[in-house]
Amino acid sequence: MEHQHAREPMNRRVEDGLQRGRAVEIVVDGLPVPAFEGESVAAALLAAGTRVLRTTARHGAPRGLYCGIGVCFECVMTVDRRPNVRTCQTPVRDGMEVETQRGEGQWPGIAARSSSRGGA
Ligand code: FES
């Protein structure tokens, strides 16, 4: 599966009249994505043109930012090797490693279980 950000990142940010935090870079599925301190991981990815943040456990259907306020959990990704992190509630940090989450995600060193619940 080719990732949306596997090309030169887009910039969908409003440029005029805003003060931003320090420019930083996060690494998403091994590729650099520009971000600014104070914005969420989901916002940085949205600005870069990335829509798919995870895939569902049962059918592998794509999911992305939905509520944007920490309620729906549609935006979960693996952040710094920790699965199920709500990226709309997680501020970027320079060098943060983010991965598109497949299904329920997986903790490092813990075998994945077969899923029979939830998700589309
Ligand atoms: S988009 Fe709903 S919890 Fe993040």
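Procedures and definitions
Residues numbered from 1 in each chain as written. Predicted model: local features only at pLDDT ≥ 70, side-chain atom pairs only at ≥ 80, totals over all residues. Helix = DSSP H or I, 4+ residues; strand = E, 2+ residues; numbered from the N terminus. Buried ≥ 20, exposed ≤ 12 C-beta atoms within 10 Å, placed from the backbone. Pairing = 2+ DSSP bridges. Core = buried A, V, L, I, M, F, W, Y, C linked by C-beta atoms within 7 Å. Contact = placed C-beta atoms within 7 Å. Axes fitted to C-alpha atoms, helices over the stretch in contact; angles between N-to-C directions.

This part covers the overall build of the chain. Within the chain, the regular secondary structure consists of 1 helix and 8 strands. Starting at the N terminus and ending at the C terminus, the chain contains elements arranged as β-β-α-β-β-β-β-β-β. Among the 120 residues that make up the chain, the fraction classed as buried is 24%.

The next thing to look at is the sheet that holds strand β4 (residues 62-63). Working definition: the strands of a sheet are paired by backbone hydrogen bonds and lie parallel or antiparallel to each other. Pairing within the open sheet is mixed, and its 3 strands lie in the order β4-β3-β8. Looking along the sheet, the strands with just one partner apiece sit at the ends: β4 and β8 (101-102).

With that settled, consider the nonpolar core. In terms of nonpolar packing, the biggest core is built from 18 residues, with I26, V33, V41, A42, A44 and L45 touching the most fellow members. Residue assignment for this core shows that the elements contributing at least two residues are β1 (23-28), β2 (31-36), α1 (41-47) and β5 (76-79). Apart from residues lying up to four places away in sequence, I26 is in contact with V33, A35, V41, A44, V92, M96 and V98.

Take the sheet that holds β2 next. Spatial strand order, β2-β1-β7-β5-β6: 5 strands in an open sheet with mixed pairing. Single-partner strands in this sheet number two, and they are β2 and β6 (82-86). Within this sheet the neighbouring strands show an average axis-to-axis angle of 40 degrees, counted without direction. Summarising the sheet, β1 and β2 pair through 6 bridges and their orientation is antiparallel. Residue V24 lies in a different strand from β2, and its bridge partner there is A35.

With that settled, the discussion passes to unusual backbone geometry. Positive phi values are uncommon outside glycine, yet D29 reaches one of about 50 degrees. Mapped onto the fold, D29 is located in the loop between β1 and β2. By C-beta crowding, D29 is classed as partly exposed, having 16 other C-beta atoms within 10 Å. A positive phi angle, near 70 degrees, is found at R81, a position not held by glycine. Take R81: it is sitting in the loop between β5 and β6.

Below, the discussion takes up the environment of E25. Here E25 lies in strand β1. Its 14 C-beta neighbours within 10 Å are what place E25 among the partly exposed residues. Sequence separation of E25 and V92 is 67 residues, and the distance between their C-alpha atoms is 8.4 Å. The contacts of E25, once residues within four sequence positions are left out, are P32, V33, P34, A35 and D94.

Residues V76 and T78 of β5 are buried on one face, and the alternating residues M77 and V79, pointing to the opposite face, are buried as well. Where β5 meets β6, 3 bridges bridge the pair, whose relative direction is antiparallel. Paired with M77 across the bridge in β6 is V85. Joining the antiparallel neighbours β5 and β6 is a turn of 2 residues, in which D80 adopts a positive phi near 50 degrees. One ladder, built from 2 bridges, connects β5 with strand β7 (residues 97-99); its direction is antiparallel. Bridged to T78 within β7 is E99.

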